[in-house]
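Reading the structure
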Amino acid sequence: MSKEIYYPNPEFSAQARIKSMDEYWELQNKAKADYEGFWEAYAKEKIDWLEPYSKVLDESNAPFYKWFTGGKLNVCNQCVDRHLKDKADDVAILFEGDRGDVEKITFKQLSQRVNRFANMLKEQFSVKKGDRVVLYMPMIPEAAYAMLACTRIGAIHSIVFGGFSAEALRDRIEDAEAKVVITADGAYRKGKPYLLKPVVDEALKAGGDSVEAVIVVKRNNEEIAWNDIDNNYNELIENFSDECDFEPMDSEDPLFLLYTSGSTGKPKGVQHSQAGYILWAQMTMEWVFDVKKDDVFWCTADIGWITGHTYIVYGPLAAGVTTVMFEGVPTYPDAGRAWSMVQEHKITQFYTAPTAIRVLHKMGEDEPKKYDLSSLKVLGTVGEPIDPPAWKWYYEVVGGGKCAIVDTWWQTETGGHMISPLPGATPIKPACATFPLPGIMAEVIDQDGTPKEVGETGLLCITKPWPSMIRTIWNDDERYVKSYFGDAVKDGKPVYFSGDGAVVDEDGYITITGRVDDVINVSGHRMGTAEIEAAVKKEPSVAEVAVVGTPHEIKGESIFIYVVLKEQGDSSKIKELVNAVLSSEIGNIAKADDVIAVSGLPKTRSGKVMRRILRAIAKGEAITQDTSTLEDPAVVPAIQQAVADSK
Ligand code: WTA
């Protein structure tokens with residue numbers, strides 16, 4: 001690990017909410033001494049309770065933890081209504097389209113549009129509290145209106161990333177038994193229109209029977225088919241009032257579902273709660289990004305991922321700052337797009353993924369220097385480990401050596417940041433997530449709860465429940481327990497295991513080493529090998545398949561697939577065929593960089609595929625482990641040869 005340390009900018013620290021490590025430890029020790037008291041103070045301060053809660057943390061049915069039980073609130077009130085008193089004319093959402101069109105939506109306008117949307121859902125489509133609404137949307141303000149409208153009336157939204165295929169969309173619609181789907185004709189990307197609505201048509205053609213209506217927002221006015229079930233948002237919306245009461249929700253009512261990949265089986269619908277989630281979304285905006293009243297916060301994620309939920313919509317709006325929503329990509333029309341947006345909108349916090357940093361770095365080492373980036377105060381990264389060269393470029397060239405980089409480690413399941421530097425307090429080691437946030441008990445341990453020695457990789461666990469944690473997997477309590485509370489035990493109690501490995505150094509700094517389960521992280525997108533394998537098996541010529549991740553210079557990891565064909569022989573088309581099936585079963589994000597036909601997979605005598613060997617071969621490493629226990633040790637050199645031949 002790097003020995004370099006970057007201290008916070010003293011000017012920044014002076015005005016920060018948490019100004020020093022002493023203050024950090026004071027908070028963390030307070031949480032350790034009186035966990036419930038710690039959280040209660042923030043819950044009282046940050047949430048407009050409609051009815052008070054009776055208990056801070058209920059652990060009686062662990063690991064189905066409950067927070068602030070009995071309390072009532074509304075998350076849309078937290079994000080919109082309560083700001084109308086003193087921020088009505090401040091910009092809530094600053095939208096920039098792919099082609100440079102800009103729209104500034106004030107809190108007042110946001111309130112009116114969300115209310116209209118909510119009334120439309122209720123009155124026209126009979127959407128009620130607890131109903132599921134799937135969003136398959138581009139990055140346009142209507143996506144945020146739709147989310148907040150659901151929240152306002154107590155409907156549970158489930159956003160499906162626009163890059164997922166019709167099959168993947170249908171699976172998610174069916175698992176959630178969605179009543180309504182909200183989509184758009186399409187949007188713009190790299191100067192050209194693209195379509196989304198036909199994917200919804202395709203998904204509903206072969207299933208999704210629970211869906212009663214599709215609401216279509218027009219963005220690019222491309223020609224699309226209109227079916228009986230479809231409704232034109234732009235024509236309908238004007239019929240509804242811009243006043244709408246919000247539904248008082250119980251702290252523990254589900255807020256949204258978000259499907260994510262695990263190491264086994266199909267994607268799981270991660271279920272989040274109301275009070276705990278919104279509390280932590282706001283607190284992390286205030287601590288990790290240290291947002292202040294006039295800040296303009298830009299998170300480049302897509303709303304289809306948790307980062308978009310928490311740090312484009314819920315967190316910034318709950319904190320009452322301007323959130324930037326960007327339809328396009330930071331590399332179009334050129335490598336200066338992101339930097340010109342920072343200059344133009346005077347962006348104060350910029351939050352993106354290491355893959356994007358690597359791409360922008362590669363495209364223009366000195367590009368950021370052409371722009372005035374002096375408005376920037378904090379830079380953030382998320383989604384995958386960042387490497388020191390990318391970190392340094394981000395720090396020196398983008399941040400001009402004066403902005404802290406918050407390397408935030410968290411997950412769909414954690415709802416918000418868990419481990420991250422605090423920009424005014426933490427001396428930063430490059431590419432290191434540093435310390436758990438105050439109130440978060442993250443530890444690197446063994447399966448039996450023993451803390452790992454300095455420098456030894458262990459399981460990254462959260463050993464106490466926290467307010468914004470996953471509540472369950474939709475319709476599958478058993479899988480929730482098995483997925484997260486089956487691997488590590490501390491003091492006789494199962495604790496939350498993240499699926500990541502981590503290592504602690506002599507100063508107590510935590511560095512994330514990456515997934516230790518069968519999950520691959522490609523450009524910050526999480527994908528399960530089991531899910532990819534199940535899709536590849538649908539290609540008729542494939543008899544057997546094994547999927548591994550392998551290091552990739554830009555994407556972090558890429559997908560590497562080994563297949564055994566039913567009929568040996570010509571395998572020249574296999575990559576094309578496999579990628580075609582992945583694209584239709586999951587989406588283009590699941591396409592493999594390498595697809596290698598082999599004569600057999602390395603299996604133990606009990607039939608288990610030895611992935612470690614396959615990972616080593618993909619990386620071009622020598623096989624150090626004993627292969628004599630394999631059913632057929634001769635497959636190893638044969639696979640090595642096949643990989644060598646493919647290069
Ligand atoms: C990885 C994204 C290293 C990790 C918010 C985790 C990271 C998975 C970091 C969750 C980071 C996220 N450093 N790795 N700062 N942040 N990860 O659910 O493997 O899409 O388990 O949530 O991303 O991905 P997810």
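Below or above, wherever it landed, is the structure these notes cover. (Residues numbered from 1 in each chain as written. Predicted model: local features only at pLDDT ≥ 70, side-chain atom pairs only at ≥ 80, totals over all residues. Heavy atoms only, no water.)

A word on the overall build of the chain
Each helix and strand in the chain was counted, giving 20 helices and 31 strands. Relative to its length of 647 residues, the chain is compact, with a C-alpha radius of gyration of 24 Å against a globular reference of 26 Å. Overall, the C-alpha framework of the chain stretches about 75 × 60 × 60 Å when taken along its three principal axes. Counting only residues that meet the buried cut, the chain has 61% of its 647 residues in that class. Pairs at least 24 apart in sequence give 71% of the contacts found in the chain among residues at least 6 apart. Looking at the chain as shown, the accessible area adds up to about 24,600 Å², and 47% of this sits on carbon and sulfur atoms. Of the charged side chains in the chain, 71 are positive and 97 negative, and the gap between their average positions amounts to 1 Å. (Helix = DSSP H or I, 4+ residues; strand = E, 2+ residues; numbered from the N terminus. Rg over C-alpha atoms; globule rule 2.2 N^0.38 Å. Buried < 20%, exposed > 50% of the residue type's maximum accessible area, 1.4 Å probe, protein only. Contact = heavy atoms within 4.5 Å. Areas by Shrake-Rupley, 256 points an atom, 1.4 Å probe, with all protein chains shown as cover. Lys, Arg positive; Asp, Glu negative; His and termini not counted. Charge placed at Lys NZ, Arg CZ, Asp CG, Glu CD.)

Looking at the site of the ligand
Surrounding the ligand, one finds 17 residues, the nearest of these being D407, T408, T412, D500 and R526. A distance of 3.4 Å separates a nitrogen atom of the ligand from a polar atom in the backbone of E384. Between the ligand and N521 there is a distance of 3.4 Å, counted from an oxygen atom to a side-chain nitrogen or oxygen. The fraction of the free accessible surface of the ligand (520 Å²) that becomes covered by protein chains is 96%. At the level of secondary structure, the elements contributing two or more residues to the shell around the ligand comprise helix 12 (306–319), strand 20 (404–408) and strand 26 (510–515). Here the shell around the ligand is composed, by residue class, of six nonpolar, six polar and five charged. (Near = heavy atom within 4 Å. Polar contact = N/O pair within 3.5 Å; in protein donor to acceptor, adjacent residues only side chain to side chain. Nonpolar A, V, L, I, M, F, W, Y, C, P; charged D, E, K, R; others polar.)

Some words on the nonpolar core
Among the nonpolar cores identified, the biggest contains 127 residues, and W39, L110, L148, I182 and Y314 are the most heavily contacted of them. When near neighbours in sequence (up to four residues on either side) are disregarded, W39 contacts V56, W67, F68, L279, W280, M283, P438, G439, I440 and P467. Counting 41 residues, the second-largest nonpolar core is a separate cluster that includes Y136, F161, V216 and I224. (Core = buried A, V, L, I, M, F, W, Y, C linked by side-chain atoms within 4.5 Å.)

Focus: the packing of aromatic side chains
Throughout the structure, instances matching the rule amount to 43 aromatic pairs. Ring centres of W298 and F326 lie 5.7 Å apart, and the angle between their planes is 85 degrees; this geometry places the pair in the edge-to-face category. A residue pair is termed long-range when its members are at least 10 positions apart, and W298 in strand 16 (residues 296–299) and F326 in strand 17 (residues 322–326) qualify at 28 residues. With respect to class, W298 is no different from F326; both count as buried. What links up through ring pairs into an aromatic cluster is the set Y35, F38, W39, Y42, W49, Y53, W67, F68, W280 and W287. We note R99 situated over the ring of Y188; from NZ or CZ to the ring centre the distance is 3.6 Å. Lying across the ring of Y35, K464 places its NZ or CZ 4.7 Å from the centre. (Phe/Tyr/Trp six-rings, centres within 6.5 Å; stacked < 30°, edge-to-face > 60°. Lys NZ or Arg CZ within 6 Å of the ring centre and 35° of its normal.)

Considerations on helix 13 (residues 337–345)
Of all the positions in helix 13, only R337, A338, W339, M341, V342 and H345 are classed as buried. Phi for K346, located one or two positions after helix 13, is positive at around 50 degrees.

What about the environment of V581?
Tracing the sequence through the fold places V581 in helix 18 (residues 574–585). Judged by its relative accessible area of 11%, V581 falls in the buried class. Setting aside anything within four residues of it in sequence, one finds V581 in contact with A535, V536, K538 and E539.

Some details on the pattern of salt bridges
Scanning the entire structure with this criterion turns up 44 salt bridges. Between D290 and K292 there is a salt bridge, with its nearest N and O atoms 3.1 Å apart. When its relative accessible area of 2% is taken as the criterion, D290 is described as buried. Residue K292 is classed as partly exposed on the basis of its relative accessible area, which comes to 24%. Note that D594 is salt-bridged to K647, the shortest N-O span being 3.4 Å. With D594 in strand 31 (residues 594–597) and K647 in the segment after helix 20 (635–646), the pair connects residues that are 53 residues apart, well separated along the chain. Its relative accessible area of 16% is what places D594 among the buried residues. Bridged by salt links that share partners, the residues D518, E533, R611 and R615 form one connected network. (Salt bridge = Lys/Arg side-chain N within 4 Å of Asp/Glu carboxyl O.)

So, the sheet that holds strand 31
The three strands are arranged 29-30-31 in an open sheet whose pairing can be described as mixed. Looking at strand neighbours, the two that pair on one side only are strand 29 (542–552) and strand 31, the edges of this open sheet. Neighbour to neighbour, the strand axes of the sheet diverge by 20 degrees on average, direction disregarded. Pairing of strand 29 with strand 30 (residues 556–565) involves ten bridges; the strand directions are antiparallel. Bridge pairing in strand 30 links G549 to I559. Its contacts with the sheet place helix 20 against strand 30 and strand 31, and it is angled at close to 130 degrees to strand 31. (Pairing = 2+ DSSP bridges. Axes fitted to C-alpha atoms, helices over the stretch in contact; angles between N-to-C directions.)

Points about unusual backbone geometry
Glycine aside, the phi torsion of most residues is negative, and most peptide linkages are trans. Along the chain, A62 connects to P63 via a cis peptide bond; the corresponding omega equals 0 degrees. When you line up the elements, P63 lands in the loop between strand 1 (55–58) and strand 2 (66–69). Between Y332 and the following residue, P333, the backbone shows a cis peptide bond with an omega angle of 0 degrees. In this fold, P333 is placed in the loop between strand 17 and helix 13. The phi dihedral of N475 falls on the positive side, at around 60 degrees, and the residue is not glycine. Here N475 lies in the loop between strand 23 (472–473) and helix 16 (477–485). Note on N475: relative accessible area 59%, which makes it exposed.

Quick notes on the sheet that holds strand 7 (residues 156–159)
The eight strands are arranged 12-11-8-6-7-14-15-23 in an open sheet whose pairing can be described as mixed. Because the sheet does not close on itself, it has two edges, and the strands there are strand 12 (230–232) and strand 23. Taken together, the five bridges between strand 8 (residues 180–184) and strand 11 (residues 213–217) define a ladder with parallel strand orientation. Its bridge partner lying in strand 11, I182 is registered against I215.

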